[in-house]
Amino acid sequence: MSARRSAASPPRWPRLWLLWLLLLGAAPGPRRGAAFYLPGLAPVNFCEEDKKSDECKSDIELFVNRLDSVESVLPYEYTAFDFCQASEGKRPSENLGQVLFGERIEPSPYKFTFNKKETCKLVCTKTYHTEKAEDKQKLEFLKKSMLLNYQHHWIVDNMPVTWCYDVEDGQKYCNPGFPIGCYITDKGRAKDACVINSDFHERDTFYIFNHVDIKIHYHVVETGSMGARLVAAKLEPKSFKHTNIDKPDCSKTPMDISNKASGEIKIAYTYSVSFKEDKEIRWASRWDYILESMPHTHIQWFSIMNSLVIVLFLSGMVAMIMLRTLHKDIARYNQMDSTEDAQEEFGWKLVHGDIFRPPRKGMLLSVFLGSGTQILIMTFVTLFFACLGFLSPANRGALMTCAVVLWVLLGTPAGYVAARFYKSFGGEKWKTNVLLTSFLCPGIVFADFFIMNLILWGEGSSAAIPFGTLVAILALWFCISVPLTFIGAYFGFKKNAIEHPVRTNQIPRQIPDQSFYTKPLPGIIMGGILPFGCIFIQLFFILNSIWSHQMYYMFGFLFLVFIILVITCSEATILLCYFHLCAEDYHWQWRSFLTSGFTAVYFLIYAIHYFFSKLQITGTASTILYFGYTMIMVLIFFLFTGTIGFFACFWFVTKIYSVVKVD
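Note that the coordinates shown come from a computational prediction; the quantities given were computed from them, not determined experimentally. (Residues numbered from 1 in each chain as written. Predicted model: local features only at pLDDT ≥ 70, side-chain atom pairs only at ≥ 80, totals over all residues. Heavy atoms only, no water.)

*Asks:* What am I meant to see in the overall build of the chain here?
*Replies:* Across its full length, the chain carries 17 helices and 17 strands. Residue burial in the chain is summarised as follows: out of 663 residues, 55% are buried. A fraction of 79% describes how many contacts in the chain between residues 6 or more apart in sequence connect residues 24 or more apart. Counting every atom, the chain has about 30,700 Å² of accessible surface; 60% of that belongs to carbon and sulfur. (Helix = DSSP H or I, 4+ residues; strand = E, 2+ residues; numbered from the N terminus. Buried < 20%, exposed > 50% of the residue type's maximum accessible area, 1.4 Å probe, protein only. Contact = heavy atoms within 4.5 Å. Areas by Shrake-Rupley, 256 points an atom, 1.4 Å probe, with all protein chains shown as cover.)

Next comes the structure, spelled out in structure tokens:
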């Protein structure tokens, strides 16, 4: 069976202001086993029914989340399927990140009492009459979901209920989800989970997992009579055809639904639950058994070492240029006393009168730099908090919430940077500049996002953002981000233009004919290769977490790769910038932005390759959604990497021309 991995189910959520208070006052991150808990994630104590108190609960609630599939981008709410519904129960509140990711947590009819064993307990019975159009539609939707291998996601005490099974090399994989059912083709081939049971053999038949064996592991608290804490919840999905529904017997033949079945079909949903004390696992490390079943660490270290080799190579090249070539050039130029010596000038010194000439389309470049600065700071701060453990898989939705809130609050540096550079480029249309900074790039992202949301609405998917949330996002953008951008632009325009170390000549110097390698396009294409080489392995895991519903938790690796990417983009751009200046081409502004920004084009090519080689996505809507969301990521990555390249080259050019004597 192919190991279908799904995203971790999210816990209940603390209020956002509590999270920010904690983030602002945080010292070093939480240590395993230390008595330090995130707000809303403190442990809950459980005890037997006759011992329950205000500090110790006996009822265990099971929540259900959206259902998703690796063969479809469209997730659906639990209530979209005709499963057993809870008669009552409070729906946990969701934060902005969970809503944007399509998380939909609902109460379930599965109720347990701590340490009370249940065997083959009936939850509900669903009856379908194939002659009735409504029943037939429900049954067809259930069959289609089994065909696409849609997965349940259940939550107990903020922990995903996992299905653990053996994979290759005797390793055990714990999947935070389990399938609705499976299908045997008309040629007798078992699809997906149907391989787990030899009794699933009827051709052109669906087998629904209408029974679950749940085993809940708990750890008794050492500090007196505080009860126990749940440390794992595991289940095994099974299929049984219950002939006597009043007294279900979970030992009969599997529940099969022929593709050509007609008449009345009854599906009885049952469960068994047992409890086991576990003295080894403590509450603080209860996620470990899920994360350790994902053997990615050795690949991650390979990725880091690969990236470090590239960085060392580039650092060596840049150091050689800085220390040897540039040092000799500067020493020779500064020793020139006579006009005859000056006639022998060559290379980058010749273009000192044009190096800070304003670029074409300076308005657009300054807007891109402002938006790129906003994204750069947002990414750094988000990953920093993730490394401290605040945005772990246990805090599902926190990553997106943190990123969105930071982006909104970072309007001021975006406006400031855009204004400063636009003024240094000699621009005077400050109103146009600040409006474009506020609306151009965010507007493109929002327009793409809105079109994708219309498709999700049309498909009835749970990932469709409710209208109220869209209004809230627009309010954050227009009422907070835009005013902050205006404030930043005000201070940026109020300051004097950036002082350059050399004066700009009135008449532009003619650029000599360039060789193939120093022409703009080949240089830009070459510039993105090395930064992409640093990140492509990490990119595979990020795409897996988004599209294959795998859990992403190695933020330490990601932060390290982020730093390596910044260094690599900077060094590759400086290297190419120096070669172009030596060839007497002084148009460095756009070229430096596009050189490292071209990494985003390689990202797009890799995403297309990933779609065709790794994913099993079917359907026009899912394909459009994949590429629609990919284009948002590519644009953000383009602005992010391009801004790094520009700032690195700007620093380099300012530095080398400030240390030479110019008459």
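*Asks:* Just to check I follow, could you spell out the pairing of strand E3 (residues 72–76) for this structure?
*Replies:* Along a regular strand, successive side chains alternate from one face of the sheet to the other. A large share of E3 lies buried, amounting to five of its five residues. In this structure, strand E2 (residues 67–69) lies alongside E3, joined through two bridges in antiparallel fashion. Note on E3: the bridge partner recorded for serine 69 is serine 72. Counting the residues in the hairpin turn of E2 and E3 gives two residues. (Pairing = 2+ DSSP bridges.)

*Asks:* Even after reading the chapter, I still don't get the pattern of salt bridges, so can you show me in this structure?
*Replies:* Following the criterion strictly, the structure yields 12 salt bridges and no others. Among the ionic pairs, lysine 121 bridges to glutamate 118, the shortest N-O distance being 3.9 Å. Judged by relative accessible area, lysine 121 falls into the partly exposed class, the value being 36%. The closest approach of N and O atoms between lysine 143 and glutamate 140, which form a salt bridge, is 3.8 Å. You can see lysine 143 and its partner glutamate 140 sitting in helix H3 (residues 133–147), three residues apart, about one turn around the helix. We classify lysine 143 as buried; its relative accessible area is 5%. (Salt bridge = Lys/Arg side-chain N within 4 Å of Asp/Glu carboxyl O.)

*Asks:* Before we go on, may I ask you to explain the sheet that holds strand E13 (residues 205–208) in this structure?
*Replies:* Each strand in a sheet pairs with another by means of backbone hydrogen bonds, the pair being arranged parallel or else antiparallel. In spatial order, the strands read E12-E13-E16; together these three strands make up an open sheet with antiparallel pairing. Edge strands, defined here as strands with exactly one partner in the open sheet, are strand E12 (181–184) and strand E16 (256–258). On average, each strand axis in the sheet is tilted by 25 degrees relative to the strand beside it, whichever way the strands run. Sheet topology note: the E13/E16 ladder contains three bridges and is antiparallel. Pairing of tyrosine 207 across the sheet is with aspartate 256, part of E16. Most of the contacts of H3 go to E13, to which it runs at about 90 degrees, and overall it touches E12, E13 and E16. (Axes fitted to C-alpha atoms, helices over the stretch in contact; angles between N-to-C directions.)

*Asks:* Which parts of the structure should I look at to understand H3?
*Replies:* Every α-helix winds through 3.6 residues per turn, so residues three or four apart in the chain are directed the same way. For H3, which comprises 15 residues, the first-to-last C-alpha distance of 21 Å matches the rise-based estimate of 21 Å (1.5 Å per residue) to within 8%. Considered for burial, the residues of H3 that qualify are Asp135, Leu139, Leu142, Lys143, Ser145 and Met146. Angular distribution of buried residues about the axis of H3 spans 160 degrees; they occupy a single face of the element. Pointing more than 90 degrees away from the buried face of H3 are the exposed residues Ala133, Glu134, Gln137 and Lys144. Lining the buried residues of H3 we find strand E5 (118–129), E12, E13, E16 and strand E17 (264–277). Once H3 finishes, asparagine 149 follows within two positions and takes phi at roughly 60 degrees, a positive value. (Expected span 1.5 Å × (residues − 1). Arc of directions from axis to C-beta.)

*Asks:* I tried to follow the sheet that holds strand E8 (residues 159–160) on my own but got confused; where do I start?
*Replies:* Taking strand neighbours across the sheet as the criterion, the four strands line up as E4-E1-E7-E8 in an open arrangement whose pairing is antiparallel. At either end of the open sheet lies a strand with only one pairing partner, and these are strand E4 (106–113) and E8. Where strand E7 (residues 154–156) lies against E8, two bridges are found, and the strand directions are antiparallel. Bridging across to E8, isoleucine 155 finds its partner in proline 160.

*Asks:* Where do I start with helix H15 (residues 589–597) in this structure?
*Replies:* Along H15, seven of the nine residues are buried, which leaves the element largely enclosed by surrounding structure. Among all positions of H15, only Gln589, Arg591, Ser592, Phe593, Thr595, Ser596 and Gly597 are buried. Elements in contact with the buried residues of H15: helix H7 (362–387), helix H12 (520–527), helix H14 (555–582), helix H16 (599–613) and helix H17 (620–658).

*Asks:* Which parts of the structure should I look at to understand unusual backbone geometry?
*Replies:* It is generally the case that most residues other than glycine have a negative phi and that most peptide bonds are trans. With a phi close to 60 degrees, asparagine 149 is a non-glycine residue in the positive phi region. In this structure, aspartate 192 takes a positive phi of about 50 degrees despite not being glycine. When you line up the elements, aspartate 192 lands in the loop between E12 and E13. Residue aspartate 192 is classed as buried on the basis of its relative accessible area of 12%.

*Asks:* Please clarify how the environment of serine 438 should be interpreted in this entry.
*Replies:* Mapped onto the fold, serine 438 is located in helix H10 (residues 430–459). C-alpha of serine 438 to C-alpha of serine 481: the two residues are 43 residues apart in sequence and 7.6 Å apart in space.

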